Amino acid sequence: MAGLAACGGDSDKPTATASAGVTGTPDLSGVTLRVGETGYQRQRLYLESAGLSNTPYKVEYVTFDSGSLQLQAMAAGNLDLVSASEIPPIFASQSAGGGNFKVIAVLQSNTLLQELLIPKGSPVKSVADLKGKKIGYVASTTAHYFLFKLLEQAGLGWNDVEPVKLTVPNGVTALLSGNIDALATYGTAVITAKQAGATTLGSGEKILSGNFNYAATPKAIADPALHAAIVDFLGRQQKAYAWARAHPDDWAKATAEQTKQPLTQALEVFRTGEEQRPSKLLPTSPAAIASEQDVADVFVKAELLKSKVDVAGYWSTAFNAEIEKIGA
């Protein structure tokens, strides 16, 4: 499990509850908002690059290898706000206390950099060739889902291959060292593996929805000050997405430094992704819930979940009116 690499303070520190001011608006000066990140501190980078990081509350960013690890930290009370794909919440909802979260918003994002990779020189030519072979994947993530669907499309079942649960960094190491025959992974891991000669065998581009769910704890939703800080934070993110689209070269430079990839590649990845599906925060909706329900039903069919999960039970409309005001 990834360590709680918090920036700006100790993630175990109690979150302050601010009192309302004279106007009834919560005083956010004593609030600390603990925000989960996957891979690298992308949300922080967005705000800093767009000149929007001067928040009236303190933000502690905590990085993890996956959304599922973020939700584990949230279940333990160590985070207030996380962003994960549709898959981690499905599994997290089956844990004690229902995972201690509610989905409060949807980030519309692209479905690129979600790939099934093979190492340089591999004799494998198609997904069907993976029968009986070792395939690394990150459990309870988009990689888990699109790998199952790719196998299904190739006429293979989960039991026809040897699935190997791995963390994101260990997966890349295992692939490049020859310990596995293929790897289903995402994000910067795809970039790193390809820089070392790995190639694409399949992808989740046309399988995944691109929806990423923002989740908050029931405590954060109910606390007026934390609630207000989350609304402000999401509003700043929305403005930062628009800033990045208007300044692609500046954003590409910032991300290239973080992901250790060539500037031209970072620019191409960003532009292609935004053309496919522009980054945009949306309120929760029946359509988004239905999309996640379809994913959950596939995992039940695959016997990766013991029984049907009603995903609507952990979705909330508590922020919908405020997110609609944020706009595009």
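All of these numbers come straight from a predicted model, not from anything done at the bench. (Residues numbered from 1 in each chain as written. Predicted model: local features only at pLDDT ≥ 70, side-chain atom pairs only at ≥ 80, totals over all residues. Heavy atoms only, no water.)

K.L.:
What should I look at first to understand the overall build of the protein chain in this one?
P.N.:
Along the protein chain, the regular secondary structure elements total twelve helices and eleven strands. For the protein chain, whose C-alpha radius of gyration is 20 Å, the value lies close to the compact-globule estimate of 20 Å for 328 residues. Here the C-alpha coordinates of the protein chain stretch approximately 70 × 45 × 35 Å along the principal axes. Looking at the 328 residues of the protein chain, the share that counts as buried comes to 53%. Look at the contacts in the protein chain between residues 6 or more apart in sequence, and 79% of them connect residues 24 or more apart. Counting every atom, the protein chain has about 14,100 Å² of accessible surface; 52% of that belongs to carbon and sulfur. (Helix = DSSP H or I, 4+ residues; strand = E, 2+ residues; numbered from the N terminus. Rg over C-alpha atoms; globule rule 2.2 N^0.38 Å. Buried < 20%, exposed > 50% of the residue type's maximum accessible area, 1.4 Å probe, protein only. Contact = heavy atoms within 4.5 Å. Areas by Shrake-Rupley, 256 points an atom, 1.4 Å probe, with all protein chains shown as cover.)

K.L.:
Explain the sheet that holds strand E5 (residues 114-118) here, please?
P.N.:
Within a sheet, each strand pairs with its neighbour through backbone hydrogen bonds, oriented either parallel or antiparallel. Spatially, five strands are ordered E7-E6-E8-E5-E9 in an open sheet, and the strand pairing comes out mixed. Either end of the sheet is taken by a strand with one partner, and the two such strands are strand E7 (162-165) and strand E9 (199-203). Across this sheet, the average inter-strand angle for adjacent strands is 30°, counted without regard to direction. Strand direction decides the pairing type here: strand E6 (residues 134-137) and strand E8 (residues 182-186), joined by three bridges, are parallel. Counterpart to Tyr 137 in the pairing with E8 is Ala 184. (Pairing = 2+ DSSP bridges. Axes fitted to C-alpha atoms, helices over the stretch in contact; angles between N-to-C directions.)

K.L.:
Where do I start with the environment of Ser 93 in this structure?
P.N.:
Structurally, Ser 93 can be placed in the loop between helix H3 (87-92) and strand E4 (102-108). Sequence separation between Ser 93 and Tyr 314 is 221 residues, and the spatial gap between their C-alpha atoms is 7.5 Å. Among the polar contacts listed, one links the side chain of Ser 93 to the side chain of Gln 94, at a separation of 3.0 Å. (Polar contact = N/O pair within 3.5 Å; in protein donor to acceptor, adjacent residues only side chain to side chain.)

K.L.:
Help me out: how do you make sense of the pairing of strand E2 (residues 58-64) in this one?
P.N.:
Sheet faces and side chains relate simply in a regular strand, where the side chains alternate between the two faces. Most of E2 is tucked away: six of the seven residues are buried. Here strand E1 (residues 32-38) pairs with E2 via seven bridges, running parallel. For Leu 33, the partnering residue across the bridge sits in E2 and is Val 59. The parallel pair E1 and E2 is bridged by helix H1 (residues 42-49), and the resulting crossover is right-handed. (Right-handed = clockwise from strand over helix to strand, strands pointing away.)

K.L.:
Just to check I follow, could you spell out the packing of helix H9 (residues 248-259) against helix H10 (residues 263-276) for this structure?
P.N.:
For any two helices packed against each other, one specifies the inter-axial angle together with the distance between the axes. Where H9 meets H10, the closest approach of the two axes is 8 Å, and the angle between their N-to-C directions is 120°. Looking at the two axes, H9 sits oblique to H10. Between H9 and H10 lies a crossing of right-handed hand. On H10, the residues touching Pro 248, Asp 249, Trp 251, Ala 252, Lys 253, Thr 255 and Ala 256 of H9 are Leu 263, Ala 266, Leu 267, Phe 270 and Arg 271. (Parallel < 35°, antiparallel > 145°, perpendicular 65-115°, else oblique. Left-handed = near helix turned anticlockwise from the far one by under 90°.)

K.L.:
Could you clarify how one ought to interpret empty space enclosed by the protein in this entry?
P.N.:
The method is simple in principle: a probe with the dimensions of a water molecule rolls over the atoms, and the space it marks as empty is what remains. For the structure shown, the criterion picks out one cavity of 30 Å³ or more. Roughly 60 Å³ of volume is contained in the largest cavity. Among the residues forming the lining of the largest cavity, the class breakdown is three nonpolar, eight polar and one charged. (1 Å grid on protein atoms, 1.4 Å probe; cavity = no way out; pocket = protein on both sides within 12 Å on 5 of 7 lines; lining within 4 Å. Points joined across faces, edges and corners; volume = space filled by probe spheres on them. Nonpolar A, V, L, I, M, F, W, Y, C, P; charged D, E, K, R; others polar.)

K.L.:
Help me out: how do you make sense of the packing of aromatic side chains in this one?
P.N.:
Centre-to-centre distance and the angle between the planes together describe a pair of aromatic rings. Evaluated as defined, the whole model comprises eight aromatic pairs. Considering the side-chain rings of Tyr 46 and Tyr 241, the 4.9 Å spacing of their centres and the 85° angle between planes classify their relative orientation as edge-to-face. Here Tyr 241 lies in helix H8 (residues 224-246) and Tyr 46 lies in helix H1, a separation of 195 residues in the sequence. This pair shows no difference in class: Tyr 46 is buried, exactly as Tyr 241 is. Each ring, one from Tyr 46 and one from Trp 251, has its centre 4.0 Å from the other, and the planes form 15°; the classification is stacked. One end of the pair, Tyr 46, is in helix H1; the other, Trp 251, is in helix H9, and 205 residues separate them in sequence. By relative accessible area, Trp 251 is classed as buried at 1%. By the ring-pair criterion, three or more aromatic residues cluster together here, those being Tyr 46, Tyr 241 and Trp 251. (Phe/Tyr/Trp six-rings, centres within 6.5 Å; stacked < 30°, edge-to-face > 60°.)

Function cannot be read off these values alone, since they describe shape.
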